[in-house]
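Structure assessment
Listed below are the residues making up each chain.
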Amino acid sequence: MENKNNSGALFKNKEKKTDKHPDYSGNIIINDTKYFLSAWINESKNGLKYLGLSASEEQKKQEPETDSDLPF
């Protein structure tokens, strides 16, 4: 699935093994920068359920140097 700018998607994590693993994960693109999203289903002291979110910017993979990149 390809996201458009300022949109994203979360999918249920079928591989969740511990409470530290997110219940949902996916990505979002904001201002042409891609972020990974993680979401956990939490419950407040009042008993209200909500999603706790975490976002981290996607790291660009560095291309390995080739002989043509060397200055000599």
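The structure we're discussing is the one just above.
Residues numbered from 1 in each chain as written. Predicted model: local features only at pLDDT ≥ 70, side-chain atom pairs only at ≥ 80, totals over all residues. Heavy atoms only, no water.

Considerations on the pairing of strand β3 (residues 33–43)
The following threshold applies: A pair of strands is treated as paired once DSSP finds two or more bridges between them. Here a helix means four or more residues in a row that DSSP labels H or I, a strand means two or more in a row labelled E, and each is numbered from the N terminus.
Relative to β3, strand β2 (residues 24–30) runs antiparallel, the two being bridged by 7 bridges. Looking at β3, one finds that Ile30 is bridged to Thr33. Counted along the chain from β2 to the antiparallel partner β3, the turn is 2 residues long, and its residue Asn31 has a positive phi close to 50 degrees. Strand direction decides the pairing type here: β3 and strand β4 (residues 49–57), joined by 9 bridges, are antiparallel. In the strand pairing of β4, Tyr35 is matched with Glu57. The hairpin formed by β3 and β4 contains 5 residues between the paired strands, and Gly47 there has a positive phi angle of roughly 90 degrees.

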